[in-house]
Every structure is written in structure tokens, then in C-alpha cells.
Amino acid sequence: MADGTAGRSRFFDLWSRFYDLPPVQAAVYRPVHHSVLRELGRGRTPRVLDLGCGTGILTARLAEDVGAEMVAGCDFSIGMLRHAHQRAPAVGWVQGDALRLPIAENAVDAVVSTEAFHWFPDPDAALAEMHRVLVPGGRALVALVNVRRGETSRVMRSGSEALGKPAWWPTRTEMHTRFEQAGFESVQQHRVLRVAGLMIPTVVTTGEKRG
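Residues numbered from 1 in each chain as written. Predicted model: local features only at pLDDT ≥ 70, side-chain atom pairs only at ≥ 80, totals over all residues. Heavy atoms only, no water.

Thoughts on the side chain of Thr-206
Short version of the rule: Each helix is a run of H or I in the DSSP string that is no shorter than four residues. Each strand is a run of E no shorter than two, and both are numbered from the N terminus. For every residue, the accessible area obtained with a 1.4 Å probe (protein chains only) is divided by the maximum for its type, and the residue is called buried under 20%, exposed over 50%, and partly exposed between those limits. Throughout, a contact is declared for two residues whenever any of their heavy atoms are within 4.5 Å.
Within the secondary structure layout, Thr-206 lies in strand β7 (residues 202-209). Its relative accessible area of 9% is what places Thr-206 among the buried residues. Among residues more than four places away in sequence, those in contact with Thr-206 are Glu-39, Arg-139, Ala-140, Leu-141, Phe-179, Ser-186, Val-187 and Gln-188.

Here it is in C-alpha cells:
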């Protein structure tokens, strides 16, 4: 494992110790999870992949709230997955890279990613992998902070690189364009208001693979 990859893994392994704290979940993740679950509930999604699943809080809710028959959670961090397996042993937990998913083509009906996409080092490759594993007509739902201006995105990118944890926060327009370039159709977006992001709220971008 390369030093940079090992460093990112250690960072998320450490974050897994705090990820489930109620104040963190209430302020950062829970409103986003609710929004994604509502969106998924508008169609039949028997097989769902939660990409960047963290400790599996959303993943564990997918079968109960959406009626998914097969649920899998994929994360880069062994520490995150250890907590996830303790939460829901029956879920299929997979350690893997978002840029090279260990999942067959046309294998799932929906891919969700909540507050993880900004960490993926190549967003276009990640979207291409989501598109590959989806069945025709399947949906990808990606939720992350979308800044208002490209200049803000570049400043935040530079700041995260200086801290040793490169991350990317796109504008809504850029995210919409990347979805279309990855081959998704019927791309839609909606905002999610939450305590941790009143000024720069999370946006859920949804796209459908051509049927």
C-alpha cells in the first residue's frame, strides 16, 4: 500500500471512532440520510450499494426503510467496516476502492454515496464505476456539499491539500455536468438543509443509467 493510501486509510480508521457520536450524526449525516431514503423510496430498488458507507448507519436502514432485498456497503477503511459489521452482520460489507469497485457490471439497482464523494481522488472515475455496476434504468444518488462558486471550490481544495487530506467540493453545475459526462440521464438535484451546513448545504444529485 502506498504511503498516501495508507495515510488516508489511517485517517478514516481514526474518524470511525467518532463517526457514530449522536451530535455528529444529528448535525452532519442524519438529514442527508433521510433525504436519500425518501428519494430511493420513490421507486423499486431491490439491490442497493452504499458506497463510502462509513460505519453503516444508512446501509443498515436501507432494507427496512426502502425494502431492498440485497444491501451491500463498501468502504475504503477497515476501521469503518469493523464498526459497520458489528451494527449489521447480515449486510454484505466490502472493503474496496471507489475507483475500482469489486462488483460485477449491471449488478445493482441503485448506488448511494453520502458525504463521501468529496474524498474520492478521481470523481469522474468514481462516477464511471457507479454507472458500470448499475443495471439499465438504475439510479446513482450522490450527496455532498456543493459550493456556490468555482473559486471557493479551488480554495477549499488547496486548503485540504495543505492539511494532507485532499478533497474536492464541486459547484452544483459542475456536479450536474460530471453526471451527464459519465452517461447518466434525467439528472436532478435538490438541497438538504442541516445544522452543519446552513451556509453551504449538501446537494443530492440523482442520475439514471440509460435503460
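Structural notes on the pattern of salt bridges
Proximity of charged atoms lets side chains of opposite charge pair with each other. Going by this rule: By convention in these notes, a salt bridge is any Lys or Arg side-chain nitrogen within 4 Å of a carboxyl oxygen on Asp or Glu.
Inspection of the entire model under this criterion finds nine salt bridges. For Arg-42, the salt bridge goes to Glu-39, with nearest N and O atoms at 3.0 Å. The exposure class of Arg-42 is exposed, given its relative accessible area of 66%. Measuring nitrogen to oxygen at the nearest pair gives 2.8 Å for the salt bridge that ties Arg-178 to Asp-124. Of this pair, Arg-178 sits in helix α7 (residues 172-181) while Asp-124 sits in helix α5 (residues 123-133), placing them 54 residues apart in sequence. Assessed through its relative accessible area of 19%, Arg-178 is described here as buried.

Details of α7
To keep things clear, this is the line we draw: Note that the arc is defined by the directions from the helix axis to the C-beta atoms.
Turning to α7, its buried residues number three or more, namely Met-175, Arg-178 and Phe-179. Buried residues of α7, seen end-on, are gathered within an arc of 100 degrees and therefore sit on one face of the element. Across from the buried face of α7, at angles greater than 90 degrees, the exposed residues are Thr-173 and Gln-181. Buried residues along α7 sit in contact with α5, β5 (134-145), β6 (184-192) and β7. Looking one or two places after α7, you find Gly-183, whose phi comes out positive at around 105 degrees.

Remarks on the environment of Gln-95
In plain terms, the rule: Contacts described as polar in this section are N or O atom pairs within 3.5 Å, which, within protein, must combine one atom able to donate a hydrogen with one able to accept it, while residues neighboring in sequence count only if both atoms come from side chains.
Positionally, Gln-95 belongs in strand β3 (residues 92-95). Gln-95 sits 21 residues away from Cys-74 along the chain, and the two C-alpha atoms are 5.7 Å apart. Apart from residues lying up to four places away in sequence, Gln-95 is in contact with Asp-75, Phe-76, Ile-78, Leu-81 and Pro-102. Polar contacts involving the side chain of Gln-95 include one to the main-chain carbonyl oxygen of Phe-76, which spans 2.8 Å.

What to know about unusual backbone geometry
In this model, Glu-115 sits at a positive phi of 55 degrees, which is unusual for a non-glycine residue. Located in the positive-phi region is Ser-186, a residue other than glycine, with phi close to 50 degrees. Here Ser-186 lies in strand β6.

Observations concerning the packing of aromatic side chains
For clarity, the threshold we go by: Any two of the Phe, Tyr and Trp rings considered here, Trp counted by its six-membered ring, make a pair once their centres fall within 6.5 Å; the pair's planes then place it as stacked at under 30 degrees, edge-to-face at over 60, or tilted in between.
Tallying each qualifying case throughout the model produces three aromatic pairs. Relative to Phe-120, the ring of Phe-117 lies with its centre 5.4 Å away and its plane at 65 degrees, an arrangement referred to as edge-to-face. Phe-120 shares its class with Phe-117; the two are buried. Plain terms: the ring middles of Phe-117 and Trp-168 are 5.9 Å apart, the flat faces sit at 55 degrees to each other, and that makes the pair tilted. Of this pair, Phe-117 sits in the loop between β4 (108-114) and α5 while Trp-168 sits in the loop between α6 (150-162) and α7, and the two are 51 residues apart along the sequence. Taken as a pair, Phe-117 and Trp-168 share a single burial class, namely buried.

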